[in-house]
Amino acid sequence: MFLQQHSLKITQLSTRYAQLSNELLLLEIQVHNQEQKLIFQMDLNRNRTQTISQLEACINSLFERYRLIHQTKPTSDYTMKEKLKSIQDFILNRMDLVNRVH
């Protein structure tokens, strides 16, 4: 009787151990997936930040090169929208001049 109860208890504990082991494995997989997702998101944000930074550098460079004479404020005082508008105005002005010549 004692051995049967002992065997039954060992079987129950073994079953519970197997269940907990499976749950632990599933949790480890979930953690790994979440880590991979986070790493991907961080890489995406880093790439986005680098792209924005490169675009801003290009806009600043073009603005410095093509800004109109009457734009006398320091470059940092202009917003990106103002800088892009200025570059656009310069290009349209040049296109107009070329069209007039032909």
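Source: prediction; values computed, not measured. (Residues numbered from 1 in each chain as written. Predicted model: local features only at pLDDT ≥ 70, side-chain atom pairs only at ≥ 80, totals over all residues. Heavy atoms only, no water.)

Participant: How should I be thinking about the overall build of the protein in this particular structure?
Facilitator: When you go through the protein residue by residue, the secondary structure sums to two helices and zero strands. In terms of C-alpha radius of gyration, the protein reaches 33 Å, well past the compact-globule figure of 13 Å for 102 residues. Based on the C-alpha atoms only, the size of the protein along its principal axes is roughly 110 × 30 × 15 Å. Burial analysis of the protein (102 residues in total) assigns 9% to the buried set. Taking contacts inside the protein between residues at least 6 apart in sequence as the whole, the part at least 24 apart equals 23%. Here the protein has roughly 9100 Å² of accessible surface; of this, 61% comes from carbon and sulfur atoms. Between the mean site of the 13 positive side-chain charges and the mean site of the 10 negative ones, the protein shows a separation of 4 Å. (Helix = DSSP H or I, 4+ residues; strand = E, 2+ residues; numbered from the N terminus. Rg over C-alpha atoms; globule rule 2.2 N^0.38 Å. Buried < 20%, exposed > 50% of the residue type's maximum accessible area, 1.4 Å probe, protein only. Contact = heavy atoms within 4.5 Å. Areas by Shrake-Rupley, 256 points an atom, 1.4 Å probe, with all protein chains shown as cover. Lys, Arg positive; Asp, Glu negative; His and termini not counted. Charge placed at Lys NZ, Arg CZ, Asp CG, Glu CD.)

Participant: Whenever I open this one, the environment of H6 confuses me. Can you help?
Facilitator: If you trace the backbone, H6 turns up in helix α1 (residues 2-66). For the pair H6 and S86, spaced 80 residues apart in sequence, the C-alpha separation works out to 86 Å.

Participant: Would you mind going over a nonpolar patch on the surface with me for this structure?
Facilitator: Together, L25, L26 and I29 make up a nonpolar patch on the protein surface, roughly 280 Å² of accessible area in all. Looking at the secondary structure, you find L26 in helix α1. (Patch = residues over 30% accessible without salt bridge, like charges linked within 9 Å, V, L, I, M, F, W, Y side chains within 5 Å. Salt bridge = Lys/Arg side-chain N within 4 Å of Asp/Glu carboxyl O.)

Participant: Explain the packing of α1 against helix α2 (residues 80-101) to me, please; I cannot follow it from the model alone.
Facilitator: For any two helices packed against each other, the geometry comes down to the angle between their axes and how far apart the axes lie. Across the interface, α1 lies against α2 with an axial gap of 9 Å and an inter-helix angle of 50 degrees. Between α1 and α2, the angle falls in the class oblique. For the pair α1 and α2, the sense of crossing is left-handed. Contacts between α1 and α2 involve E56, I59, N60, L62, F63 and Y66 from the first element and M80, K83, L84, S86, I87 and F90 from the second. Of the residues assigned to the contact of α1 with α2, the class counts are eight nonpolar, two polar and two charged. (Axes fitted to C-alpha atoms, helices over the stretch in contact; angles between N-to-C directions. Parallel < 35°, antiparallel > 145°, perpendicular 65-115°, else oblique. Left-handed = near helix turned anticlockwise from the far one by under 90°. Nonpolar A, V, L, I, M, F, W, Y, C, P; charged D, E, K, R; others polar.)

Participant: Please explain the pattern of salt bridges as it appears in this structure.
Facilitator: Pairing between side chains of opposite charge can happen when the charged atoms of each approach one another. In the structure shown here, the tally under the stated rule is three salt bridges. R46 is the partner of D43 in a salt bridge, and the nearest nitrogen-oxygen pair spans 2.7 Å. Of this pair, D43 and R46 both sit in helix α1, three residues apart, roughly one helical turn. For D43, a relative accessible area of 32% puts it in the partly exposed group. Residue R46 is classed as partly exposed on the basis of its relative accessible area, which comes to 45%. Residues K85 and D89 are paired through a salt bridge, measuring 3.0 Å at the closest nitrogen-oxygen approach. Within this pair, K85 and its partner D89 are both found in helix α2, separated by four residues, close to a single helical turn.

Remember, this is a structural readout, not a statement about activity or role.
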